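Survey of secondary and tertiary structure
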Amino acid sequence: LWLHPGEAELVNLRDQQTQWQRAQEKARLESKQPAVTLDSRAIEVAANIGGPLDVPVALEFGAEGVGLFRTEFLFLDRETAPSEEEQYQAYRQVADGLGDLPLIIRTLDVGGDKPLPYLDLGHEENPFLGWRGIRFCLGHPEIFKPQLRAILRAGDGRNVKIMFPMIGTIDEIRMVKDILVEVKNVLAKGRIPFDDDMPVGIMIEVPSAAAIADILAAEVDFFSIGTNDLTQYTMAADRGNSNVAGLAQALSPAVLRLVSQTVNAGHDAGIWVGMCGELAGNEVATPLLVGLGLDELSMSAPSIPAVKEAIRNVTMAEARQLAE
Ligand code: PEP
Ligand code: MG
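Residues numbered from 1 in each chain as written. Chains lettered and ligands numbered in written order. Predicted model: local features only at pLDDT ≥ 70, side-chain atom pairs only at ≥ 80, totals over all residues. Heavy atoms only, no water.

Its place among the elements puts R135 in helix 5 (residues 133-139). We classify R135 as partly exposed; its relative accessible area is 28%. The residues contacting R135, other than those within four sequence positions of it, are L129, G130, M166 and E172. (Helix = DSSP H or I, 4+ residues; strand = E, 2+ residues; numbered from the N terminus. Buried < 20%, exposed > 50% of the residue type's maximum accessible area, 1.4 Å probe, protein only. Contact = heavy atoms within 4.5 Å.)

Shown next as structure tokens:
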């Protein structure tokens, strides 16, 4: 911070600013190109978004789709839950903004650190270990079903996939799929257009899910690894507590083993495996993640250019060796 910069200092700083802007512009231009390793393996690089306004930004940074649309934004900071119609319009707007590019919509993940003002979640001693994500939605069909309807309807004629957060057991995904079938039947009876073949995926972010990834893989079309939660639950270190930030490291061998195990389980079952936690946007980790076999990396948009660049600078052999 320069409180009283002299003329020479200002000239120097403006010069640096111009150089920085040029470098950014170059990275952005290159970021519109696909991310392919030196030996021709393409990795899909997508953006994490929180609402329709993020779509143009994601495309500007070179996103090849959206790997995580956090739908919480529609539900927070308001007095009542959004209607099915309001959600449908928002999901459609995001999908239309992406054109043919893929969009993964994640169902509501409230609870934990994200309370809902109009629903009394009750006091919990350990909210992160409590009624959160899919656990909360399975207990609140009046909130869950309208969202499923809105997502299925928005997928009609568009490239949309649905993803469920915080799945930890086989029963949870089976219950979710039963509800999805029920909602589809009602839509079909009402002759309301929707995507009957929408791919279904789950986040792998609870260690129990990583442990049974081979079993869960038989139930779904794709996995996306949420390293933020997977790290805090594996390391037993709150992701928001700075006192244990040294423990809450996604690059811990324990977390990486679970990532590796999840990727292998997914591939053995013939499904693709992505990552949408913060680790996916860390360009230092990119060669390692490529080596672990991830098919897709989804991140906050400004990280895309550097991650694509990192992918272009490795071979699979080098990346695999690093992962080993
Ligand atoms: C994660 O847990 O890694 C994730 C992507 O989900 P969120 O950060 O929204 O909990
Ligand atoms: Mg999470």
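For the rest of this paragraph, the subject is the coordination of the magnesium ion (ligand 2). At the metal site, the magnesium ion (ligand 2) is ligated by E205 (OE) and D229 (OD), and these contacts range over 2.0 to 2.1 Å. In this pair, E205 sits in the loop between strand 6 (200-204) and helix 8 (207-211) while D229 sits in helix 10 (residues 227-235), placing the two residues 24 residues apart along the sequence. The two residues E205 and D229 agree in class, both being buried. (Donors = N, O, S within 2.8 Å, 3.2 Å for Na, K, Ca; no water.)

What follows deals with the side chain of D109. Along the chain, the position of D109 falls in the loop between strand 4 (103-106) and helix 5. Every residue in contact with D109, bar those within four places of it in the chain, is listed here: E72, K114, R132, G133, P165 and M166.

In the vicinity of ligand 1 lie 15 residues, with R70, R106, G226, N228 and R239 positioned nearest. Within the complex, the protein chains bury 99% of what would otherwise be the 280 Å² of accessible surface of ligand 1. Among the elements of the structure, strand 3 (66-70) and helix 10 are those that each provide at least two residues to the shell around ligand 1. Tallied by class, residues from the shell around ligand 1 come to three nonpolar, four polar and eight charged. (Near = heavy atom within 4 Å. Areas by Shrake-Rupley, 256 points an atom, 1.4 Å probe, with all protein chains shown as cover. Nonpolar A, V, L, I, M, F, W, Y, C, P; charged D, E, K, R; others polar.)

Take the packing of aromatic side chains next. Inspection of the entire model under this criterion finds five aromatic pairs. With a centroid separation of 6.1 Å and an interplanar angle of 70°, the aromatic rings of F144 and F164 are classed as edge-to-face. You can see F144 sitting in helix 6 (residues 141-154) and its partner F164 sitting in strand 5 (residues 160-164), a full 20 residues away along the chain. Summarising the burial analysis for this pair, F144 and F164 share the class buried. Put simply, the rings of F69, F73 and Y91 pair up and form one aromatic cluster. (Phe/Tyr/Trp six-rings, centres within 6.5 Å; stacked < 30°, edge-to-face > 60°.)

Moving on, we get to the pairing of strand 5. For strand 5, the buried fraction is high: five of the five residues fall into the buried class. With burial as the criterion, each face of strand 5 is covered, one bearing V160, I162 and F164 and the other bearing K161 and M163. In terms of strand pairing, strand 5 meets strand 6 through three bridges, oriented parallel. The partner of M163 across the bridge, within strand 6, is G201. In this view, the connection linking strand 5 to its parallel neighbour strand 6 by way of helix 7 (residues 170-189) has right-handed handedness. (Pairing = 2+ DSSP bridges. Right-handed = clockwise from strand over helix to strand, strands pointing away.)

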